[in-house]
Amino acid sequence: MNVPSLDSFGSRATLRSGGISYHVWLLNALERAGAGHVSRLPFSLRVLLENLLRREDGRSVTADDIHAVASWTPGETTEREIAFMPARVLLQDFTGVPAVVDLAVMRDAMRELGGDPKRINPLAPADLVIDHSVQVDAFGSRDAFAINARLEMERNRERYALLRWAQGAFNGFRVVPPDTGIVHQVNLEHLATVVFTKVANGAAEAYPDTLVGTDSHTVMINGLGVLGWGVGGIEAEAAMLGQPISMLIPDVVGFKLTGRLPEGATATDLVLVVTQMLRQKGVVGKFVEFFGDGISGLPLATRATVANMAPEYGATCGFFPVDAETLNYLRLTGRDDMLIRLVETYCREQGLFHEPGAPAPLFSDVLELDLSAVEPSLAGPRRPQDRVPLSEVKGSFRAALPSLVPEGAAIDKRVSVTLDGETHELAHGSVVIAAITSCTNTSNPEVMIGAGLLAKKAVERGLERKPWVKTSLAPGSRVVTDYLNEAGLTPYLERLGFYLVGYGCTTCIGNSGPLPDEVARAVEEKKLVVAAVLSGNRNFEGRVNPLARANYLASPPLVVAYALAGRVDVDLASEPLGTDGRGNPVYLRDVWPSQAEVQQALQSIRAEMFRRQYASVFEGTDEWKALDAPVGDHFAWGPDSTYVRKPPFFDGLRLEPEPPGDIVGARALVVAGDSVTTDHISPAGSIAKDSPAGWYLISLGVEPRDFNSYGARRGNHEVMMRGTFANVRLRNQLAPGTEGGWTQHLPDGEQLSIYDAAVRYREEGTPLIVIAGKEYGSGSSRDWAAKGPALLGVRAAIAESFERIHRSNLIGMGVLPLQFEAGENLASLGLTGSERFDIAGIAEGVRPGKKLTVRAMSDDGREASFTVTARLDTPVEVEYYHHGGILPYVLRQLVRG
């Protein structure tokens with residue numbers, strides 16, 4: 001990584017800032033050399049261009065690569081592949097634990113192949129933030145945080161011991177301990193530097209801070225002018241090991257913002273509009289860059305909110321360039337003055353600093369939004385892009401209800417439940433979870449303060465939350481607690497049940513914890529369609545809580561409002577939240593805080609809060625420091641561990657790969673429709689005791705109360721294999737009339753769990769495929785959504801379209817992504833998925849975009865053939881597939897030196 005640049009364009013120069021001289025690679029040298037129109041490129045492409053310019057070596061980066069990006073022209077399709085090397089890698093613990101497990105087993109494999117195990121070491125700095133393991137078991141009391149933190153440590157001690165080992169075993173690997181904050185907020189408030197510095201070849205260098213992360217919401221950092229996005233854990237591991245990320249030069253869609261947000265509209269409302277617009281436009285695999293006069297009026301936290309949801313609108317990233325507001329935010333969050341001076345000096349010198357009124361860059365396409373048209377909204381009941389204006393939520397829910405009601409349940413149903421000695425009535429549409437949670441909004445002081453002010457006004461009017469609503473407050477960092485306390489708003493939130501439950505990503509990823517027994521029993525027995533309202537970014541089926549069939553994304557103030565209303569089939573624009581002590585109706589408009597009130601309360605935030613909270617961010621509690629963790633270069637695999645097991649990814653690996661052959665006689669394990677998410681493929685939430693994963697854990701003596709979650713057990717491949725396709729809302733067309741992880745074993749037609757069917761197929765020597773519709777693998781960048789199918793024997797996935805990260809993950813595990821021809825799918829071809837499938841053309845060699853022939857043979861002798869495209873989009877992806885995945889490829893390269 002420290003090979004000097006060939007510098008064919010004479011771009012290397014010296015920049016002085018704060019009394020230090022830095023080597024830099026100036027983009028304007030390219031224009032002087034006539035290589036391109038760099039000053040009109042989108043800012044995000046300028047960052048990519050600097051990355052190539054600095055790393056020109058004639059092999060992975062050539063002068064032609066640099067010229068291709070410098071002369072990028074909107075509308076011209078290019079198939080040129082470039083090699084991007086991020087400055088650093090960011091991990092969270094759900095996806096980070098399997099990454100550490102893979103690195104540990106790679107060290108073992110390296111030794112077995114005769115190489116030096118210490119070469120398996122992060123070459124790009126890596127930070128892991130433990131934020132995904134806290135669960136909302138306790139809520140509604142001041143003890144909730146302490147109880148949840150204790151349970152988190154008890155449940156995850158084995159996993160955390162692995163991470164403590166990794167801290168000592170790997171160079172350049174840091175861990176932020178639990179109960180500190182959400183990875184993306186910690187990154188925004190502390191880890192990101194905007195300009196990265198290091199010493200290489202005896203000299204200081206400065207260049208843009210860039211990163212990839214194992215969470216799809218890594219893109220949140222784009223709001224700070226830092227280019228980064230989510231990748232699969234497998235691809236992130238390769239980046240940690242010094243492998244550049246292969247990518248095509250992207251199209252860049254410009255999103256012009258004008259005007260200002262109106263009174264009553266929040267950053268959450270803005271991002272829901274943006275998500276809806278961009279999903280309708282279609283930006284999968286593209287960069288989105290925001291520009292226009294409206295940017296200057298957006299606080300940085302609002303920009304981060306918009307950037308955060310790039311996975312929801314389908315883009316690789318949602319980029320805001322560095323400007324004066326970036327510098328203001330760095331000051332607010334307590335960054336060092338020398339760093340802030342360097343950021344301004346460097347970005348201005350490089351043409352990376354945006355000035356209001358400057359000519360807009362050139363873009364592949366442009367959308368425009370007048371911010372004044374944004375209105376309060378929610379998204380639901382199933383997808384982030386399904387925006388519903390606040391006044392239409394009631395009608396929207398009722399329209400969706402027939403599709404949400406379980407088979408055999410009545411549309412008009414009411415159930416009495418007794419809570420704390422009082423009887424209440426639940427019905428379809430009752431809100432059972434109201435959670436202020438997730439990275440999307442808890443990084444944004446305006447909406448957090450807004451929630452506190454709404455709570456204050458509601459309490460002063462005598463309103464109370466409905467008793468059946470499970471309320472929780474899970475801030476993204478400890479600084480949030482500081483400024484809510486300083487503003488005097490914490491007591492009002494607590495009066496409405498919004499007590500601190502933890503500093504982590506809780507409800508948004510399925511760690512909502514159990515509902516109260518009485519509520520859960522009523523919902524299950526009477527098949528109620530109850531709702532969750534959360535300030536998160538994901539509301540896919542079965543994600544938030546298995547009992548909540550309707551899930552809505554909302555701003556934190558609206559989360560509080562729905563906790564007061566207690567149901568979603570209410571028009572908060574015209575119906576009251578409740579009544580005051582005199583029986584008078586109280587409407588949402590009566591308690592909604594004004595922008596002036598929010599701005600006044602924001603004065604409570606000071607830079608010292610950030611400096612104090614982040615001064616010892618890597619140290620952790622005494623319990624963390626006292627963890628009994630192994631030491632040494634190799635991890636000591638515990639034979640009895642139910643959390644961390646040595647995976648079989650490198651078993652029998654040879655130094656020379658065996659080329660992949662054609663797939664013959666395959667059976668479909670799953671046939672699914674559109675929008676199958678990584679949550680459907682590899683759920684992160686609770687483990688049912690009546691499931692293959694549950695039966696496995698019980699066989700090892702684990703009590704159901706100690707199952708924890710799939711996400712927490714990602715270090716154990718035996719659990720994750722059994723949990724593959726185990727989402728309770730999965731609809732497999734091979735098992736009609738069922739929900740969850742069921743399929744047919746063919747040709748006998750016996751209904752089995754997907755895991756048990758896969759085991760039987762393996763014993764029979766039958767290869768497997770998955771068939772799906774559009775947007776296969778949307779959602780979180782979950783590597784186990786590729787690892788699980790691969791371990792079950794899935795050789796290929798045929799879909800109408802793929803989400804970017806999941807397609808990459810499939811290739812990373814040696815699973816071939818194949819795409820139907822435009823307009824074709826299983827149904828249009830007259831197929832059911834019960835056929836036997838041959839996929840020809842692999843053995844003779846694949847190349848990017850190669851057409852392959854699939855022959856489907858039904859058991860009654862009928863045959864049909866159709867063409868698919870191999871979604872290996874770059875030569876490097878072909879190479880990964882040839883090696884059986886990215887990790888075997890990297891390991892072989894390292895062994896060879």
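Residues numbered from 1 in each chain as written. Predicted model: local features only at pLDDT ≥ 70, side-chain atom pairs only at ≥ 80, totals over all residues. Heavy atoms only, no water.

On to the overall build of the protein chain, then. Regarding its fold elements, the protein chain presents 31 helices and 34 strands. For the protein chain, the C-alpha radius of gyration of 26 Å lies close to 29 Å, the compact-globule estimate for 897 residues. Projecting the C-alpha coordinates of the protein chain onto the three principal axes gives extents of approximately 80 × 75 × 55 Å. (Helix = DSSP H or I, 4+ residues; strand = E, 2+ residues; numbered from the N terminus. Rg over C-alpha atoms; globule rule 2.2 N^0.38 Å.)

Glancing now at helix H2 (residues 43–54). Given a rise of 1.5 Å per residue, 12 residues ought to cover 16 Å, and the 17 Å separating the end C-alpha atoms of H2 matches this to within 8%. Where burial is concerned, most of H2 is hidden: 12 out of the 12 residues are buried. Buried residues of H2: Phe43, Ser44, Leu45, Arg46, Val47, Leu48, Leu49, Glu50, Asn51, Leu52, Leu53 and Arg54, and no others. (Expected span 1.5 Å × (residues − 1). Buried < 20%, exposed > 50% of the residue type's maximum accessible area, 1.4 Å probe, protein only.)

A separate point is the environment of Val568. Looking at the element boundaries, Val568 is found in the loop between helix H19 (556–565) and strand S24 (578–579). For Val568, a relative accessible area of 0% translates into the label buried. In the structure, Val568 is positioned 173 residues away from Gly395 in sequence and 9.7 Å away in space, judged by C-alpha atoms. Ignoring sequence-local partners within four residues, the contact set of Val568 consists of Val393, Lys394, Phe397, Gly429, Val431, Ala531, Val533, Tyr552 and Tyr562. (Contact = heavy atoms within 4.5 Å.)

Considering all chains together, one arrives at seven cavities of 30 Å³ or more under this definition. By volume, the largest cavity is sized at about 160 Å³. Around the largest cavity, the lining is made up of 23 residues, and of these Gln92, His132, Asp215, Ile509 and Ser780 lie nearest the centre. Listing elements by their share of the lining of the largest cavity, those giving two or more residues are helix H4 (93–112) and helix H6 (183–191). Classifying every residue of the lining of the largest cavity by side-chain character gives seven nonpolar, 10 polar and six charged. In this structure, the second largest cavity spans a volume of roughly 130 Å³. Counting residues per element, the ones that place at least two in the lining of the second largest cavity are helix H10 (310–313) and helix H29 (804–812). Here the lining of the second largest cavity takes three residues from H29, the largest share from any one element. Here the residues of the lining of the second largest cavity are counted per class, giving five nonpolar, six polar and two charged. (1 Å grid on protein atoms, 1.4 Å probe; cavity = no way out; pocket = protein on both sides within 12 Å on 5 of 7 lines; lining within 4 Å. Points joined across faces, edges and corners; volume = space filled by probe spheres on them. Nonpolar A, V, L, I, M, F, W, Y, C, P; charged D, E, K, R; others polar.)

Right, let's get into the packing of helix H15 (residues 445–460) against helix H16 (residues 478–486). Where H15 contacts H16, the axes come no closer than 11 Å and their chain directions differ by 45°. As far as their axial angle goes, H16 and H15 are oblique. Along this stretch, H15 crosses H16, giving a crossing that reads as right-handed. Each of Pro445, Met448 and Ile449 in H15 lies in contact with H16, whose residues at this interface are Val480, Tyr483 and Leu484. Of the residues in the contact of H15 with H16, the class split is six nonpolar, no polar and no charged. (Axes fitted to C-alpha atoms, helices over the stretch in contact; angles between N-to-C directions. Parallel < 35°, antiparallel > 145°, perpendicular 65-115°, else oblique. Left-handed = near helix turned anticlockwise from the far one by under 90°.)

With that out of the way, let us pick up the pattern of salt bridges. Where charged atoms of side chains with opposite charge meet at close range, the side chains can pair. Applying the stated criterion across every chain yields a total of 54 salt bridges. Asp127 is the salt-bridge partner of Arg174, the closest N and O atoms lying 2.6 Å from each other. One end of the pair, Arg174, is in strand S6 (residues 173–176); the other, Asp127, is in strand S5 (residues 126–129), with 47 residues separating them in the sequence. With relative accessibility at 40%, the residue Arg174 sits in the partly exposed group. For Asp127, a relative accessible area of 6% translates into the label buried. The shortest N-O distance in the salt bridge between Lys787 and Asp783 comes to 3.0 Å. (Salt bridge = Lys/Arg side-chain N within 4 Å of Asp/Glu carboxyl O.)

Shape is all these values report; function is a separate question.
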